[in-house]
Amino acid sequence: MCAEHPGECSIFSCDSKAKVHIGGQAVSRYHQLRVFFPTDDRPHFNDHDFPVPGYLIEPDGFLLLQSKEKNIKLTKDKLDREIVEVPSTGPLWVYNRCVKNTSTTIVDHLHDLNHTLVYSNLKKPVLALVTDGGPDWTPKSNLNQFFLGRFWMDNNFDMLVVVCNAPGFSRYNPIEHLWSPCSKWLAGVSLPSCLPGETVAPALQNVSYEERRTKEDQVFSNALDQLDIYWDGKFHDGFRVTSVGVKSGVSHAPTLTRYSQGDYENVKNMLKSSLRAIKADEVKMQLLEEWRYLVKHMDRRWGMVCFRKGSCRDDSCKCMTNGLSATSVNKVPCSDTWCLPPITPDTDNPGHYLTYRQTLSALCISKPDQHLKDVMTDRCPRCRYVFTSQADQHRHIQLVHGGNRVLNEISGSEPVPKKVYISLCCVQSRIPFKIPASKTQE
């Protein structure tokens, strides 16, 4: 879809590279050195690859898939069907942050993505992200879905689509092929783990906690600056690589007011709380109302989540305040069960599925995730939400659609009073005991 309408869509391939080491060799010593050393200036590396535990830099990449052609390029697949060629390279933005004292979450990625869109003038009505299945990106997570939906709402996108490949197929994510050149540029490089004038890393010094943290922040800042020297301004396949060091306590992007670590923890606690506890807390109740609003516009499946304007079918909804901008993409069909047409088998070619263009004109469309095997594909009858487990089903219905009574209506079972018990007698011991009536029905 994005390759068909490049003027209205931006598509990014997102992933994190293997961590860069501080103190030893920045990348694995198995990468071939591509420089010459004079006889009296031979390289001298540490015997161990991890001299200082925890001194690591995590590079998070955003690859804009961009074609070198001005017009869309048509080609044919092996079945001689006409398809649009999807680009696999483009400009790359890498955001480097030290992760000794913090871990990367979805809010960090959205800060980085916001920086890329704002400073590179790449914002279009439709945004698509191809990610990995890690916990900080997976579209299966309600926590990630919440912040992705908030990002869709705050940026006034017509549509936000996030997809990931099946487990074991992450190699098909285009950005994976750019990490190798990045590693080659760091072959033989050693980022210093000590401050100028010192020979021991702060983590190995006998100093107070506050002094060690202060020194480590300076070491990490110096390492990030040096890393930018090796990456920033390089070119791959004719496209520029931009490296940005994200230093502790320093904002690198326009402030996203609702994407702090505190907001992340509040949403996380809300999604874990019971409905009764949420109703007793004003902050959690506001977050729940926002979550219910997002679910109205969300199409959630295995490995995909989509937020789309107008999918609520309510002309008075606030999602339509600014109207629709992507005139071509908004012609893509939308139904009560999906925001984007699901993959559908090609009856003329058994074992294959319809192409994007064939799906738009198909008379019969499959249900979301209908053809997945060995996984739960039950769908909520009140929204476009595909359940991934029984626990996910119960949690979704209770939080979004109102509680146990609705759950019983959807499942078709009669509600059983909690305090109804039947006295039974053990055959061997003759000791009376009580069990819930729901257990006797089984």
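Residues numbered from 1 in each chain as written. Predicted model: local features only at pLDDT ≥ 70, side-chain atom pairs only at ≥ 80, totals over all residues. Heavy atoms only, no water.

Draft legend 1. The arrangement of the overall build of the protein in detail. Counting its regular elements, the protein contains 11 helices and 15 strands. Excluding contacts between residues fewer than 6 apart, the proportion of contacts in the protein whose partners are at least 24 apart in sequence is 70%. In the structure as shown, the protein presents an accessible area of about 24000 Å², 51% of it carried by carbon and sulfur atoms. (Helix = DSSP H or I, 4+ residues; strand = E, 2+ residues; numbered from the N terminus. Contact = heavy atoms within 4.5 Å. Areas by Shrake-Rupley, 256 points an atom, 1.4 Å probe, with all protein chains shown as cover.)

Draft legend 2. Just the pairing of strand β6 (residues 92–98), in detail. Among the seven residues that make up β6, seven are buried, leaving the element largely enclosed by the rest of the structure. Where burial is concerned, the two faces of β6 agree: the one with L92, V94, N96 and C98 and the one with W93, Y95 and R97 are both buried. When strand β3 (residues 56–64) meets β6, the two strands line up antiparallel, connected through seven bridges. When the sheet's bridge partners are listed, E58 is paired in β6 with R97. The pairing of β6 with strand β10 (residues 239–245) spans five bridges and is parallel. (Buried < 20%, exposed > 50% of the residue type's maximum accessible area, 1.4 Å probe, protein only. Pairing = 2+ DSSP bridges.)

Draft legend 3. Quick peek at the packing of helix α2 (residues 142–154) against helix α5 (residues 261–272). The N-to-C vectors of α2 and α5 enclose an angle of 130°; their axes lie 10 Å apart at closest approach. Between α2 and α5, the interaxial angle falls into the category oblique. Along this stretch, α2 crosses α5, giving a crossing that reads as right-handed. Across from N142, L143, F146, F147 and R150 in α2, the residues of α5 making contact are D263, Y264, V267, K268, M270 and L271. Grouping the constituent residues of the contact of α2 with α5 by class yields seven nonpolar, one polar and three charged. (Axes fitted to C-alpha atoms, helices over the stretch in contact; angles between N-to-C directions. Parallel < 35°, antiparallel > 145°, perpendicular 65-115°, else oblique. Left-handed = near helix turned anticlockwise from the far one by under 90°. Nonpolar A, V, L, I, M, F, W, Y, C, P; charged D, E, K, R; others polar.)

Draft legend 4. Looking closely at the side chain of D299. Examined against the element boundaries, D299 turns out to sit in strand β11 (residues 298–301). According to the relative accessible area criterion, D299 is buried, its value standing at 0%. At 2.9 Å, the side chain of D299 forms a polar contact with the backbone nitrogen of C339. Dropping the residues within four chain positions of it, D299 is found in contact with M304, V305, C306, W338, C339, L340 and R384. (Polar contact = N/O pair within 3.5 Å; in protein donor to acceptor, adjacent residues only side chain to side chain.)

Draft legend 5. Spotlight on α5. Compared with an ideal rise of 1.5 Å per residue, which puts 12 residues at 16 Å, α5 spans 17 Å between its outermost C-alpha atoms and is within 8% of the ideal. Those residues of α5 not exposed but buried are Y264, V267, M270 and L271. In a view along the axis of α5, the buried residues occupy a sector of 130°, so they form one face of it. Where α5 is buried, its residues meet α1 (106–119), α2, α6 (275–279), α7 (282–296) and α9 (390–401). (Expected span 1.5 Å × (residues − 1). Arc of directions from axis to C-beta.)

Draft legend 6. Expanded view of the environment of G24. Inspection of the secondary structure puts G24 in the loop between β2 (20–21) and β3. G24 gets classed as buried once you look at its relative accessible area, which sits at 3%. In this structure the C-alpha to C-alpha distance between G24 and P192, which are 168 residues apart in sequence, comes to 8.1 Å.

Draft legend 7. Structural view of the packing of aromatic side chains. On inspection of all chains with the given rule, the structure shows 12 aromatic pairs. Ring centres 5.1 Å apart and planes at 80° place the aromatic pair Y55 and F220 in the edge-to-face group. One end of the pair, Y55, is in the loop between β2 and β3; the other, F220, is in helix α4 (residues 209–231), with 165 residues separating them in the sequence. Both residues of the pair, Y55 and F220, count as buried. Here the aromatic residues F146, F147, F151, F157, Y259, Y264 and W291 are joined through ring pairs into a cluster of three or more. (Phe/Tyr/Trp six-rings, centres within 6.5 Å; stacked < 30°, edge-to-face > 60°.)

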